[in-house]
Amino acid sequence: MLWGGRFESLPTEAMRRLNDSFAFDRRLYATDIEASIAYARALARIGLIACEELLQITAGLEQVRAEFDAGTFRAQPDDEDIHTAIERRLAELIGPLAGKLHTGRSRNDQVTTDLRLYLLDEMDALKPRLAELQLTLIEKAEASLDIIMPGYTHLQPAQPVLFSHWLMSYFWKFQRDQQRLAQIASRVAVLPLGAGALAGHPFGLDRRALAVELGFSAVAENSMDAVSDRDYAVEFLAWAALLQVHLSNLAEDLIVWASHEFGFVEIAEAYSSGSSLMPQKKNPDSLELIRGKTGRVIGHLTGLLITLKALPSTYNKDLQEDKEATFDVIDTLHLELPVITGVIRTLKVNAARMAEALDDALLATDLCDYLVRKGVPFRQSHYWVGQVVRRAAQQGVSLRELPLVEYQAVHPAFADDLTTVLDFQRSVAARDTEGGTAPSALRAQIERARELMIQTNSNH
Ligand code: ARG
């Protein structure tokens, strides 16, 4: 035990179970060892350990790492956390010299250094997975440029849009997620090590050199802040929660459109499941699971915030709660991102069903715009077209079936060029201002998206 000196009795079994974090923080082994090797070098630079000792400590730590890598590391009952386990094993390998490694260091600055390093690696690993999803959206959008569908607000038919436009609407949400991830990284990459338990290092450790060696871009300015700061974990969880909301929205759209009633898309069998009772069923389980994970991801964010809320200054053991939340969110995203990417890649788009769903009422706004072009102020044209829609409904006909005389009875500006407006292709093509749903605007949008992807993936 690392702290047994002043104790007369041992913790109870129940206390151990509550206290021990090794079962989940063992995944920090590689970063813990990396940080310890760098710390040992920093101690050697200020003469606290000799060159020969440094070699022994480093070799010992590498052996411990090899044991973890190979799955042969044997945990002992007293290994309460990963730091304890590694130090205990190091002592078995190199003897009492292992005890010099912790000079000036506390698990308080050690654990948060490890978590930051680990998180930086995982953020790096999540980035290309998200980029893969973005690229898949772009490719699908490029391949679907001729497909028109009803666009919805309030889940009620609104205006015709390109299916590609919908796909790209998610690209931009994920692009902002990429930006946010990059911005968070600068605050994760701050070195706490050298803060000690809370008061700082008493032996003149060169923290700047240590930061550079470990790939941190700055040194925590205040040792009391350094051991208590979990803002970076909260920021990561908040980032993930928002990304998760985007994934959930995407999943929800597809679930609705894959329903029998819509039939706009078909989810590949590889991402669906059947029913144990009803032989005909093919359910979009992949998407439901992704939508369902949103609860746990948001839950981890609120959970950690609540853990932090009433803490007194500096390190408190409550902070041990940071890890399971962070790990679970990382794991969840690694599970989901390849699946949603696969769903999009293999998605069958039923263009014919989308075309059938194009109701003339979706063109009502185009009729308003028609009157506007004839000089009628928009607010009035909105009213007149409302009257037209009402007449068509009363007569049980569509806007295209309603005779011109009926239009003219509502407003004299309606003329026989009206038919050119009552056209879905034209409606879509008319929205060619930047950001609109016209094919030309969409090609420009896709091009910008591609450029951005090249930029975000190169400047790292
Ligand atoms: N397992 C602990 C954690 O995750 C390590 C730090 C323990 N520090 C302490 N003073 N007991 O936070």
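Note: the structure precedes this text.
Calculation notes
Within every chain, residues take consecutive numbers counted from 1 along the sequence as written. Where totals are concerned, whole chains, interfaces and linings use all residues; where local detail is concerned, this predicted model gives features only for residues with pLDDT of at least 70, and gives and counts side-chain atom pairs only at 80 or more. Note that the side-chain values use all heavy atoms of the structure and ignore hydrogens as well as water. A run of H or I in DSSP becomes a helix once it reaches four residues, and a run of E becomes a strand once it reaches two; helices and strands are each numbered from the N terminus. In this setup the radius of gyration rests on C-alpha atoms only. A globule is expected at 2.2 Å times the number of residues raised to 0.38. The buried label applies to any residue whose accessible area, calculated with a 1.4 Å probe on protein chains only, is under 20% of its type's maximum; exposed applies above 50%, and partly exposed to all values in between. Should any heavy atoms of two residues lie within 4.5 Å, those residues are counted as being in contact. Accessible areas in this description were obtained via Shrake-Rupley with a 1.4 Å probe; residue shielding takes into account the shown protein chains only. Positive: Lys, Arg. Negative: Asp, Glu. His and the chain ends are not part of the count. The atoms used to mark charge sites are NZ of Lys, CZ of Arg, CG of Asp and CD of Glu. Whenever a carboxyl oxygen of Asp or Glu lies within 4 Å of a side-chain nitrogen of Lys or Arg, that contact is scored as a salt bridge. Distances are taken per atom, and a residue is near a molecule or strand as soon as one of its heavy atoms is within 4 Å of it. In the analysis that follows, any N or O atom pair within 3.5 Å is treated as a polar contact, provided that within protein one partner can donate a hydrogen and the other can accept it, and provided that, for residues neighboring in sequence, both atoms belong to side chains. The nonpolar class holds Ala, Val, Leu, Ile, Met, Phe, Trp, Tyr, Cys and Pro. Asp, Glu, Lys and Arg form the charged class, and all remaining residues, Gly among them, are polar.

> Where do I start with the overall build of the chain in this structure?
In terms of regular secondary structure, the chain is built from 19 helices and six strands. For 460 residues, the compact-globule estimate of 2.2 N^0.38 gives 23 Å, and the chain exceeds it by more than 25% at 30 Å. Reported as C-alpha extents along the three principal axes, the dimensions of the chain are approximately 100 × 55 × 40 Å. Within the chain, the proportion of its 460 residues that are buried is 47%. Within the chain, residue pairs in contact and separated by at least 24 positions form 76% of the contacts whose partners lie at least 6 positions apart. For the chain, the exposed area adds up to about 22100 Å²; of that, 54% sits on carbon and sulfur atoms. Taken together, the 47 basic and 62 acidic charged side chains of the chain have centroids lying 2 Å from each other.

> Explain unusual backbone geometry to me, please; I cannot follow it from the model alone.
Comment: phi is negative for the bulk of residues other than glycine, and the bulk of peptide bonds are trans. At histidine 154, a position not held by glycine, the phi torsion is positive, near 55 degrees. Within the fold, histidine 154 resides in the loop between strand 1 (148–153) and strand 2 (156–162). Residue class for histidine 154 comes out exposed when judged on its relative accessible area of 75%. The phi angle at threonine 314 is positive, at roughly 65 degrees, despite the residue not being glycine. Turning to its location among the elements, threonine 314 is positioned in the loop between helix 11 (285–309) and helix 12 (321–345). Given a relative accessible area of 12%, threonine 314 falls into the buried group.

> I'm lost on the pattern of salt bridges in this one. Help?
By the definition in use, this model includes 33 salt bridges. Salt-bridge contacts for glutamate 13 lead to arginine 16; the nearest nitrogen and oxygen are separated by 4.0 Å. With a gap of three residues between them, glutamate 13 and arginine 16 both fall in helix 1 (residues 13–19), about one helical turn apart. One salt bridge connects arginine 230 with aspartate 322, and the closest N-O pair in it is separated by 2.6 Å. With arginine 230 in the loop between helix 9 (223–228) and helix 10 (231–257) and aspartate 322 in helix 12, this residue pair connects regions lying 92 residues apart in the sequence.

> Is there a simple way to think about the site of the ligand in this case?
Taken together, Ser21, Asp25, Asp81, His83, Arg107, Asn108, Val111, Tyr315, Lys317, Gln320 and Lys323 make up the full set of residues near the ligand. Side-chain polar atom of glutamine 320 to a nitrogen atom of the ligand: 2.7 Å apart, as the coordinates give it. The fraction of the free accessible surface of the ligand (340 Å²) that becomes covered by protein chains is 86%. Here the element with the most residues in the shell around the ligand is helix 6 (residues 107–143); it accounts for three residues. Split by residue class, the shell around the ligand holds two nonpolar, four polar and five charged.

> Even after reading the chapter, I still don't get the environment of methionine 453, so can you show me in this structure?
As for its placement among the helices and strands, methionine 453 is situated in helix 19 (residues 439–458). You can call methionine 453 buried: its relative accessible area is 5%. Between the alpha carbons of methionine 453 and glutamine 178 there is a distance of 9.7 Å; along the sequence they are 275 residues apart. If we ignore the near neighbours within four places in the chain, the residues touching methionine 453 are Ala131, Gln134, Leu135, Ile138 and Phe171.

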